[in-house]
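# Structure assessment
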Amino acid sequence: MKFEYTISNLNFSTAGEASSNIKKVLKLLGIDSKIIRRAAIATYEAEINIAIHSHGGKIILYIEEDSIKITAIDKGPGIENIELAMKEGYSTATHEIREMGFGAGMGLPNIKKCSNEFSITSEFGKYTKLEITIFI
Amino acid sequence: MKINQLLENKNFKLLNDVPYLDEEITYIRSCDLLSLVMAKGEKGDAWITVQTHSNIVAVASLLEMSCIILPESIKPEETTLIKATENDIPIISTPFDVYKTMKEFSF
Ligand SMILES: Nc1ncnc2c1ncn2[C@@H]1O[C@H](COP(=O)(O)OP(=O)(O)OP(=O)(O)O)[C@@H](O)[C@H]1O
Ligand SMILES: [Mg+2]
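Cut-offs used in this document
Residues numbered from 1 in each chain as written. Chains lettered and ligands numbered in written order. Predicted model: local features only at pLDDT ≥ 70, side-chain atom pairs only at ≥ 80, totals over all residues. Heavy atoms only, no water. Helix = DSSP H or I, 4+ residues; strand = E, 2+ residues; numbered from the N terminus. Rg over C-alpha atoms; globule rule 2.2 N^0.38 Å. Buried < 20%, exposed > 50% of the residue type's maximum accessible area, 1.4 Å probe, protein only. Contact = heavy atoms within 4.5 Å. Areas by Shrake-Rupley, 256 points an atom, 1.4 Å probe, with all protein chains shown as cover. Lys, Arg positive; Asp, Glu negative; His and termini not counted. Charge placed at Lys NZ, Arg CZ, Asp CG, Glu CD. Pairing = 2+ DSSP bridges. Buried area = accessible area lost by both parts, 1.4 Å probe. Salt bridge = Lys/Arg side-chain N within 4 Å of Asp/Glu carboxyl O. Axes fitted to C-alpha atoms, helices over the stretch in contact; angles between N-to-C directions. Near = heavy atom within 4 Å. Polar contact = N/O pair within 3.5 Å; in protein donor to acceptor, adjacent residues only side chain to side chain. Nonpolar A, V, L, I, M, F, W, Y, C, P; charged D, E, K, R; others polar. Phe/Tyr/Trp six-rings, centres within 6.5 Å; stacked < 30°, edge-to-face > 60°.

What follows deals with the overall build of chain A. When helices and strands are counted, chain A shows five helices and five strands. Taken over the C-alpha trace, chain A has a radius of gyration of 14 Å; the compact-globule value for 136 residues is 14 Å, and the two agree within 12%. Counting all 136 residues of chain A, 49% fall into the buried class. Of all intrachain contacts in chain A linking residues separated by at least 6 positions in sequence, the fraction that spans at least 24 positions is 61%. Summed over its atoms, the accessible surface of chain A is roughly 6900 Å², and 51% of this surface lies on carbon and sulfur atoms. Counting 16 positive and 17 negative side-chain charges, chain A places the centres of these two groups 3 Å from one another.

What follows covers the sheet that holds strand β3 (residues 45–48) of chain B. Residue and element names in this part refer to chain B. Strand order across the open sheet formed by five strands is β1-β5-β4-β3-β2, with mixed pairing between neighbours. The two strands at the open ends of the sheet, each matched to only one other strand, are β1 (13–14) and β2 (27–30). Taken together, the four bridges between β2 and β3 define a ladder with parallel strand orientation. Across the sheet, residue Ile 28 finds its bridge partner in β3, namely Ala 46.

Quick look at the interface of chain A and chain B now. Interface extent is often summarised as the accessible area lost during association of the parts. Each partner contributes to the interface: chain A provides 22 residues, whereas chain B provides 21 residues. In total, chain A and chain B occlude about 1700 Å² of area from one another, counting both sides; carbon and sulfur atoms represent 52% of this. On inspection of chain A and its partner chain B, the count reaches two salt bridges. Among the salt bridges present, the one from Lys 27 of chain A reaches Glu 64 of chain B, with a minimum N-O distance of 3.2 Å.

Residues and elements named next belong to chain A. If you trace the five strands from one edge of the open sheet to the other, you get β1-β2-β3-β5-β4, paired in antiparallel fashion. Looking at strand neighbours, the two that pair on one side only are β1 (2–7) and β4 (117–123), the edges of this open sheet. Strand after strand, the sheet turns through a mean of 10 degrees between neighbouring axes, direction not considered. The sheet strands contacting helix α2 (residues 33–53) are β1, β2 (57–63), β3 (67–74) and β5 (127–135), and the helix crosses β3 at an angle near 5 degrees. Seen against the sheet, helix α5 (residues 107–114) touches β4 and β5 and runs at an angle of roughly 30 degrees to β5.

A separate point is the site of ligand 1. The environment of ligand 1 is formed by 20 residues, the closest being His 53, Ser 91, Thr 92 and Gly 103 of chain A together with Ser 35 of chain B. Residues lining ligand 1 come from chains A and B. His 53 of chain A places a polar side-chain atom, nitrogen or oxygen, 2.7 Å from an oxygen atom of ligand 1. The set of elements that each furnish at least two residues to the shell around ligand 1 consists of α2 and α5 of chain A. The residue makeup of the shell around ligand 1, split by class, is eight nonpolar, ten polar and two charged.

This part covers the packing of aromatic side chains. All names here are of chain B. Taken as a whole and assessed by the stated rule, the structure comprises three aromatic pairs over all chains. Taken together, a centroid distance of 5.6 Å and an interplanar angle of 90 degrees make the contact between Phe 12 and Phe 96 edge-to-face. Here Phe 12, found in the loop between α1 (3–7) and β1, pairs with Phe 96, found in the loop between β5 (91–93) and α5 (98–103); they are 84 residues apart in sequence, far enough to count as distant. The interplanar angle of 45 degrees and the centroid separation of 5.5 Å between the aromatic rings of Tyr 27 and Phe 107 together place this pair among those described as tilted. Of the two residues, Tyr 27 is situated in strand β2 and Phe 107 in the segment after α5; the sequence distance between them amounts to 80 residues. Judged by relative accessible area, Tyr 27 falls into the partly exposed class, the value being 43%. Of the aromatic side chains, those joined through ring pairs into one cluster are Tyr 27, Phe 105 and Phe 107.

What follows is the structure, encoded as structure tokens:
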């Protein structure tokens, strides 16, 4: 099964809708609540990152027999130093964004913690792509 | 304590129209950094935050928290209330500060 969600940038009122929809789908399929929680956290953080840090992108959910795969891909600007971006507490969020409660620098580390397999690739100036696998 | 028991205290006022208020509040948490809440929050939590934008509803709903409490009489944005009603998340306002709010609970 495959579901696709378009995420626009800087639209905070709709940010969170893809993750909430994904949660509903997984619930309907009767997937274990601990697994759903991990998938919900990972998609929420990926979705917010697209909304805050990118020019927009999409999240694709694949549900397979033994795993949930979430791909988040955006249209750039990409990440210059991935190792730094993965560090807890590192954030380039602006003052305004931080005032809204984003920008703790915890999103990517949270996603990694929730995943069984996690990969992040980026071409600076072009795109960022996250591939998240959670075993069911 | 259940949500409707908390609401018996007149210092706690429900701001939106939600059907189920007999849910148990299992813990109380105060944090304004959304990704920290996302990492640590649990089902049943009452969440005290000064954030007022609608993303707090997304967080509370994804984690299946019992309610959001806005301290110091902070007012939510209108879209936050609408989204909270759609998602069955009670938004509760109190003039109390965080400490006084927490003192209402014991776990
Ligand atoms: N999709 C993306 N496109 C471009 N840069 C990104 C993207 N996702 C993350 N980053 C960069 O990586 C940094 C760390 O991301 P992370 O999600 O861990 O923290 P944050 O979004 O800044 O804060 P938080 O997630 O705690 O609200 C960001 O500040 C940003 O510089
Ligand atoms: Mg983030």
